[in-house]
Amino acid sequence: MTWLTWRQHRIEGLILVVVLAVIGVFLLVTGLEMANSFQQFRLSNCLGQISKGSSSCYELGMAWNSQYGGFLRGAALLPALPLLLGALVGAPLVAQEVEQRTHLLIWTQSITRLRWLTVMLALVLGAGLLASGALLALLSWWNSPSVQIYGDSFGPRVYDTSGPVWVATTLLALAVGIFAGALTRRTVAAIFLTMVLFVAIRAPVELLWRPNFETPVTVTYSIDQQNPPALSNQDWIVSQGYIDAQGNRSTNLREGCAKDETLRQCLQTNGVQANYIAYQPGDRFWTFQWIEAGIYLGFSALALGASVWLVRRRLS
Amino acid sequence: MIWVSSRQHRAETLVVTLVLAILAALLLKTGLDMASAYQQLGIGACLAETRRSQTCNTALYAFQGGFSFAISAIVWLNVLPALLGLFVGAPLLARELEQGTFRLAWTQSVPRLRWLEVKLALVLGVALLASAGLTALLTRWFSPLRQFGALYFPLTFDFEGTVPLAYAAYALTLAISAGALLRRVVPAMAVTIAGFVAARAPVELWLRPRYLPPITLTGDPGKVDAMVPKTDWALDNGWVDQMGHQVHTGAVLATCAPGQNSIDFQGAFAQCTHAHGWLMSITYQPADRFGLFRNIETAIFVALSVALVALTIWIVRRRIA
């Protein structure tokens, strides 16, 4: 059985290794360069200074960004990798057998279909998790200079490729792929469904739920104050705006400002009583990572359970 | 033949239409919101100001903050051509070949080459029509953002004019030829994704800034940066000495603004860099080249598509028995 799984998936495994190697080389080369110029720019003197308004550090940060911004933007594509794994390896797992009718042969051998599925799941999920773990080690090193400069650890590129969330995302994509395959029994449809389901789970969690895993800390400051109170650059501002006399918050002014008004006059005519900033403190990072990983693990368990049920009961 | 094609692809057409309709609705909604906020907040007048008043800064901040999510989400539309290739292009031949249905399809009164021509024409035609519609909508959508000069430049380039149509044609023909070559759906899909990224990413990140040699201006800070219009595409900012050798930005700042919190580019900082003989150098592509750049990029992807169509026809004629 292990041999069969290996034999069926060895090309996929080989491709996975090649893809990992290519990405690994890219990350190594660019990561070394970034770490090197981090030293050369003497950016370690600037840690935490950019958000405090140090403009020489700001200029340095900008200069660093103009050199490596392209790499960072390219790396924003990395969160799509788990989805590709789920779509191209997970979805065909059951769907292709049923579509090509090979399941009729396989499931009537001495090994029960449940055992077939368990071994397949264990090996494919294991390999996927191993791959994402290997990449994770490299990614956290690669991300560290930009996190130290910009403190963007809550930004999607860093957050999504960090620790538990990255590994749980891989598991989720594979599990959803396998479930979609067992449900639709057709490869192309399963791949499509995998992408739809993955985005349908991922996008609301990332956009709506993540900023509110824990109640954000709110700071209010008077409208006479021009600049908001300084936060650490590791903090994540989830919303900022204005509070009116009734205590309602809004992110926009009701009416715009007239040209000749000062900012204070403009805020007053708009009925603004105070400004506010709501943020998630930087030390909640790992709590948030584990909460989100837990959510994805829950969905994965659900998808895998449904797949087992479908294979046992529904597919003949 | 046309009936067979439409019958085989009607589910895909339905899904594509549905996705496009949802996208169009979202774009219309956010586009109209953005245009009205642009009017209401008086962004146009603010952008025209040479020295920004505080009220203008607040208005600009509110505008950019309010639509930052929509603007960052637009980047993901770059994957649409790849999805089209993945779900329409890759199975087109691979599925017939994998499931053996080509034996029936190609032994009818319609010769295989004609079968392929009709399929290609219909699928490519519909895809190009759809992406032209989406491009028209996106061009409208971007019109307030275009007033910000080149601030959103790399983003707008990908969605304007003939460029997105060429991407769509490339993704589709790549997927179809991968299907013909590999004769299996899933590997053809994998090759489609890899091939699409492998062509798009290097062209966008490496080749595009080099279609024509960029212009470099050097001079004292506070003067040279004012000479480059905001509409131009700034590629690189740095420092050179009088021999033209590069000087590290870190070194310049450490010498002339050590530990300083605010740099006045016209004042002591400029005197200090001048005394050291350091010049600011700005490398950029002027805005009047953008039209040419679009045509070059379109030509690259159209040429790739034509080559891939030729490859597909050759494989179907000669290689597949």
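Each residue is numbered by its place in its chain's sequence as written, counting from 1. The order in which chains are written sets their letters, starting at A; the order in which ligands are written sets their numbers, starting at 1. Under the rules for a predicted model, residues below a pLDDT of 70 receive no local features and side-chain atom pairs below 80 are neither given nor counted, while totals for whole chains, interfaces and linings still include all residues. Remark: hydrogens and water are excluded; side-chain values derive from all non-hydrogen atoms of the structure.

**Quick look at the sheet that holds strand β4 (residues 272-280) of chain A**
Note: strands within a sheet are paired through backbone hydrogen bonds, in either parallel or antiparallel orientation. Residues and elements named next belong to chain A. Note on pairing: DSSP must find at least two bridges between two strands before they are called paired. Secondary structure counts use DSSP, requiring at least four H or I residues in a row for a helix and at least two E residues in a row for a strand, with both numbered from the N terminus. With antiparallel pairing, four strands are arranged side by side in an open sheet as β1-β4-β2-β3. Of all strands in the sheet, those bounded by a partner on one side alone are β1 (217-222) and β3 (249-250). Of the pairings in the sheet, the one linking strand β2 (residues 236-244) to β4 comprises eight bridges and is antiparallel in character. Bridge pairing in β4 links Tyr 242 to Asn 275.

**Examining the packing of helix α5 (residues 113-150) of chain A against helix α7 (residues 163-184) of chain A**
Residues and elements named next belong to chain A. Axes, fitted as lines to C-alpha atoms, cover a helix only where it is in contact. Angles between the N-to-C directions of the axes lie from 0 to 180 degrees. Packing of α5 against α7 leaves a shortest axis separation of 9 Å and a crossing angle of 150°. Put simply, α5 runs roughly antiparallel to α7. Relative to α7, the crossing made by α5 is right-handed. Each of Leu 121, Val 124, Leu 125, Gly 128, Leu 129, Ser 132, Leu 135, Leu 136 and Leu 139 in α5 lies in contact with α7, whose residues at this interface are Gly 163, Trp 166, Val 167, Thr 170, Leu 171, Leu 174 and Ile 178. Classifying every residue of the contact of α5 with α7 gives twelve nonpolar, four polar and no charged. An angle counts as roughly parallel when it lies under 35 degrees, as roughly antiparallel when it exceeds 145, as roughly perpendicular when it falls between 65 and 115, and as oblique in every other case. Note on convention: near helix rotated counterclockwise from far helix by under a right angle means a left-handed crossing. Clockwise means right-handed. Two residues form a contact once any of their heavy atoms are found within 4.5 Å. As a working rule, the residues Ala, Val, Leu, Ile, Met, Phe, Trp, Tyr, Cys and Pro are called nonpolar, Asp, Glu, Lys and Arg charged, and the rest polar, with Gly in that last group.

**Observations regarding the environment of B:Cys56**
All names here are of chain B. In this fold, Cys 56 is placed in helix α4 (residues 54-66). Sequence-wise, Cys 56 and Met 243 are 187 residues apart; in three dimensions their C-alpha atoms are separated by 42 Å. Discounting chain neighbours no more than four positions away, the residues touching Cys 56 are Cys 46 and Glu 49.

**Focus: the sheet that holds strand β4 (residues 279-285) of chain B**
Residues and elements named next belong to chain B. Pairing is antiparallel across the open sheet formed by four strands, whose spatial order is β1-β4-β2-β3. The open sheet has two edge strands, β1 (215-219) and β3 (246-247), and neither has a second partner. For strand β2 (residues 233-240) and β4, the ladder comprises seven bridges, and the chain directions are antiparallel. Considered in β4, the bridge of Gly 238 is made with Ser 281.

**Re the pattern of salt bridges**
All names here are of chain A. A pairing counts as a salt bridge when a side-chain nitrogen of Lys or Arg comes within 4 Å of a carboxyl oxygen of Asp or Glu. Tallied over the full model, the rule gives 14 salt bridges over all chains. The closest approach of N and O atoms between Arg 210 and Glu 292, which form a salt bridge, is 2.8 Å. Linking Arg 210 in the loop between α8 (187-209) and β1 with Glu 292 in helix α10 (residues 285-314), this pair joins segments that are 82 residues apart in sequence. Both residues of the pair, Arg 210 and Glu 292, belong to the buried class. Taking the shortest distance from any N to any O, the salt bridge between Glu 214 and Arg 284 comes out at 3.4 Å. Three labels apply to residues, based on accessible area from a 1.4 Å probe with only protein chains included: buried if under 20% of the type maximum, exposed if over 50%, partly exposed otherwise in between.

**Focus: the side chain of B:Ser131**
As for its position among the elements, B:Ser131 is in helix α8 (residues 112-146). Excluding residues that lie within four positions of it along the chain, B:Ser131 makes contacts with B:Pro164, B:Leu165 and B:Ala168.

**Quick notes on helix α2 (residues 10-40) of chain B**
Spanning 31 residues, α2(B) covers 44 Å between terminal C-alpha atoms, matching the ideal 45 Å at 1.5 Å per step. For α2(B), the full list of buried residues reads B:Leu23, B:Leu27, B:Gly31, B:Met34, B:Ala37 and B:Tyr38. Here, expected helix span is obtained from the residue count minus one, scaled by 1.5 Å.

**With respect to unusual backbone geometry**
The phi angle at A:Arg185 is positive, at roughly 60°, despite the residue not being glycine. In this structure A:Arg185 comes out as partly exposed when scored by relative accessible area, which is 32%. Positive phi, close to 60°, is recorded for B:Arg183, a residue that is not glycine. Positionally, B:Arg183 belongs in the loop between α10 (163-182) and α11 (185-207). On the accessibility criterion, B:Arg183 (34% relative accessible area) is partly exposed.

**Quick word on the nonpolar core**
In this structure, A:Tyr159, A:Ile191, A:Met195, A:Tyr296, B:Phe87 and B:Met189 are the most contacted members of the largest nonpolar core, which totals 38 residues. Of all the secondary structure elements, the ones that give two or more residues to this core are α3 (81-99), α7, α8 and α10 of chain A together with α6 (80-99), α10 and α11 of chain B. Among the elements that line this core, the one with the most residues is α8(A), at seven residues. The contact partners of B:Phe87, leaving out residues within four places of it in the chain, are A:Val188, A:Ile191, A:Phe192, A:Met195, B:Glu12 and B:Met189. B:Leu23, B:Leu134, B:Trp141 and B:Phe142 belong to the second-largest nonpolar core, a separate cluster that totals 25 residues. For the purposes of this section, nonpolar cores are sets of buried Ala, Val, Leu, Ile, Met, Phe, Trp, Tyr and Cys residues that join through side-chain atoms within 4.5 Å.

**Some words on a nonpolar patch on the surface**
Residue and element names in this part refer to chain A. For patch detection, residues must exceed 30% relative accessible area and be free of salt bridges, and they are connected within 9 Å for like charges or within 5 Å for nonpolar side chains (Val, Leu, Ile, Met, Phe, Trp, Tyr). Computed with the Shrake-Rupley method and a 1.4 Å probe, the accessible areas treat only the protein chains shown as cover for residues. A cluster of nonpolar residues, Val 25, Leu 28, Val 29, Leu 32 and Trp 141, forms a patch on the protein surface that exposes about 450 Å² of accessible area. Element by element, the count of residues in the nonpolar patch is highest for helix α1 (residues 2-40), at four residues. Mapping Leu 32 onto the fold places it in helix α1. Residue class for Leu 32 comes out exposed when judged on its relative accessible area of 52%.

**A look at the domain arrangement of chain B**
Residues and elements named next belong to chain B. All the domain ranges listed were derived from an automatic or database domain assignment. Annotation of chain B at the domain level lists domain 1 (12-212 + 288-319) and domain 2 (215-287). A separation of 37 Å is found between the C-alpha centroids of domain 1 and domain 2. With eleven residues of domain 1 at the contact, the number on the domain 2 side is nine residues. Counting each side, the surface lost to burial between domain 1 and domain 2 is near 930 Å², with a carbon and sulfur contribution of 61%. Under the rule applied, a polar contact is a pair of N or O atoms within 3.5 Å (in protein, one hydrogen donor and one hydrogen acceptor; residues adjacent in sequence only if both atoms are side-chain atoms). Counting every contact that joins domain 1 to domain 2 gives seven residue pairs in polar contact (both at pLDDT 80 or more). Mapped onto the side of domain 1 that touches domain 2, the elements with two or more residues apiece are α9 (153-157) and α15 (290-319). Split by residue class, the side of domain 1 that touches domain 2 holds seven nonpolar, one polar and three charged. Buried area counts how much accessible surface, traced with a 1.4 Å probe, disappears from two parts once they are put together, with both parts' losses summed.

**Notes on the pairing of β2(B)**
Residues and elements named next belong to chain B. Strand direction decides the pairing type here: β2 and β3, joined by two bridges, are antiparallel. Across the sheet, Val 240 pairs through a bridge with Gln 246, a residue of β3. The loop that links β2 with its antiparallel partner β3 comprises five residues; one of these, Gly 244, has a positive phi angle of about 90°.

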